Amino acid sequence: MKIRRSWYELLKDEVEKDYFIKLQEFLKSERERYDIYPEDDLVFNALNYVPYDKVKVVILGQDPYHEPHQAHGLSFSVLDPTPLPPSLVNIYEEIKNDLGIEPLQSGDLSRWAKQGVLLLNTTLTVRKHAAMSHQGKGWEEFTSKIIKLLSQRKEPMVFMLWGSHAGQFASQIEPQHLVLTAPHPSPLSAYRGFFGCKHFSKCNEFLEKHGMTPIDWK
């Protein structure tokens, strides 16, 4: 596992559990037969960008992008010069309407991760051209452990849970944190409540209220 030490120390018991061992066996079989995203060394990229004690915001999505040259281990992010996927276009549209700023037209969201935004999906891998193909294989249990570990921190943070899969984690989060839920920003659901959710301004208001630097969402 290519995973930052601060996270590995917290998760080392988890990766020895039967479900995680079976998950790794499943992934080995999948990679032998199909193209799987993201690349093996990028699966835990979200954790590697943000140490456990530096997380200020969690954006929890669904599963990685399933088309070539998109997924690189940060939810909703793509590396330049990959065109912006529709979900990210809608995220930028909401930022513009919510904050009155024009986001950079780069799909690389590592600029957010470097400020303490954990860009996590509920499922960390996917088969090429097959959305949600790795759902129910064990990733959700692993993600649940990450959310639980973060929730146990005394320092307040913001959880943005986008889509029904992410929203299921809301009940696990302790009350010192701000939990924001909305439909997924994909074109199929963004008009059902993601647009107008104002998560970005609510997030920054909460961070400032608790003496933290707000996120530059550009």
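Residues numbered from 1 in each chain as written. Predicted model: local features only at pLDDT ≥ 70, side-chain atom pairs only at ≥ 80, totals over all residues. Heavy atoms only, no water.

Draft legend 1. Representation of the environment of D18 in the model. Inspection of the secondary structure puts D18 in helix 2 (residues 18-33). Given the relative accessible area of 57%, D18 is considered exposed. C-alpha separation for the pair D18 and A131, spaced 113 residues apart in sequence, amounts to 25 Å. (Helix = DSSP H or I, 4+ residues; strand = E, 2+ residues; numbered from the N terminus. Buried < 20%, exposed > 50% of the residue type's maximum accessible area, 1.4 Å probe, protein only.)

Draft legend 2. Structural view of helix 2. The first and last C-alpha atoms of helix 2 sit 23 Å apart over 16 residues, in line with the 22 Å expected at 1.5 Å per residue. Within the span of helix 2, buried status applies to Y19, F20, L23, F26, L27 and E30. Down the axis, helix 2 shows its buried residues gathered within 115° of arc, on one side only. Exposed positions of helix 2 whose direction lies more than 90 degrees from the buried face are D18, K22, E25, K28 and E32. The inward-facing, buried residues of helix 2 contact strand 1 (36-37), strand 4 (126-127) and helix 6 (139-151). (Expected span 1.5 Å × (residues − 1). Arc of directions from axis to C-beta. Contact = heavy atoms within 4.5 Å.)

Draft legend 3. Focus on unusual backbone geometry. Between Y37 and P38 the backbone carries a cis peptide bond, its omega angle lying at -10°. Relative to the elements of secondary structure, P38 occurs in the loop between strand 1 and helix 3 (45-49). Non-glycine residue M132 carries a positive phi angle of around 60°. With respect to the secondary-structure elements, M132 resides in the loop between strand 4 and helix 6. For K198, which is not a glycine, the phi torsion comes out positive at approximately 55°. Residue position: K198 is located in the loop between strand 6 (178-182) and helix 8 (199-209). Owing to a relative accessible area of 40%, K198 belongs among the partly exposed residues under this scheme.

Draft legend 4. Representation of the side chain of S87. Here S87 is to be found in helix 4 (residues 86-99). By relative accessible area, which is 9% here, S87 ends up buried. Those residues in contact with S87, other than ones at most four positions away along the chain, are Y65, F76, H184, P185, S186 and P187.

Draft legend 5. Focus on the sheet that holds strand 6. Strand order in the open sheet formed by four strands is 3-2-5-6, with parallel pairing between adjacent strands. On the outer flanks of this sheet lie strand 3 (117-121) and strand 6, each paired with one strand and no other. The average angle at which neighbouring strand axes cross in this sheet is 15°, direction not considered. Pairing between strand 2 (residues 57-61) and strand 3: five bridges, direction parallel. Its bridge partner being in strand 3, G61 is matched across the sheet by N121. (Pairing = 2+ DSSP bridges. Axes fitted to C-alpha atoms, helices over the stretch in contact; angles between N-to-C directions.)

Draft legend 6. Quick look at the pairing of strand 2. Among the five residues in strand 2, five count as buried, and that is most of the element. Neither face of strand 2 is open: one carries V57, I59 and G61, the other V58 and L60, and all of them are buried. Relative to strand 5 (residues 158-162), strand 2 is paired through four bridges, and the arrangement is parallel. Across the sheet, residue V57 finds its bridge partner in strand 5, namely V158.

Draft legend 7. View of the packing of aromatic side chains. This model, assessed by the stated rule, comprises 14 aromatic pairs. Residues Y19 and F20 carry aromatic rings whose centres are separated by 6.2 Å and whose planes lie at 90° to one another, so their mutual orientation is edge-to-face. Neither residue differs from the other here; Y19 and F20 are each classed as buried. When the ring of Y191 is compared with that of F195, the centres are 4.8 Å apart and the planes differ by 70°; the resulting orientation is edge-to-face. Look at Y191 and you get exposed, because its relative accessible area is 72%. The exposure class of F195 is partly exposed, given its relative accessible area of 22%. Connected via pairs of aromatic rings, a cluster forms that spans F76, W112, W162, Y191, F194, F195, F200 and W217. Lying over the aromatic face of Y34, R127 brings its terminal NZ or CZ to 3.9 Å of the ring centre. Directly above the ring of Y52 sits R153, whose terminal nitrogen or CZ lies 5.9 Å from the centroid. (Phe/Tyr/Trp six-rings, centres within 6.5 Å; stacked < 30°, edge-to-face > 60°. Lys NZ or Arg CZ within 6 Å of the ring centre and 35° of its normal.)

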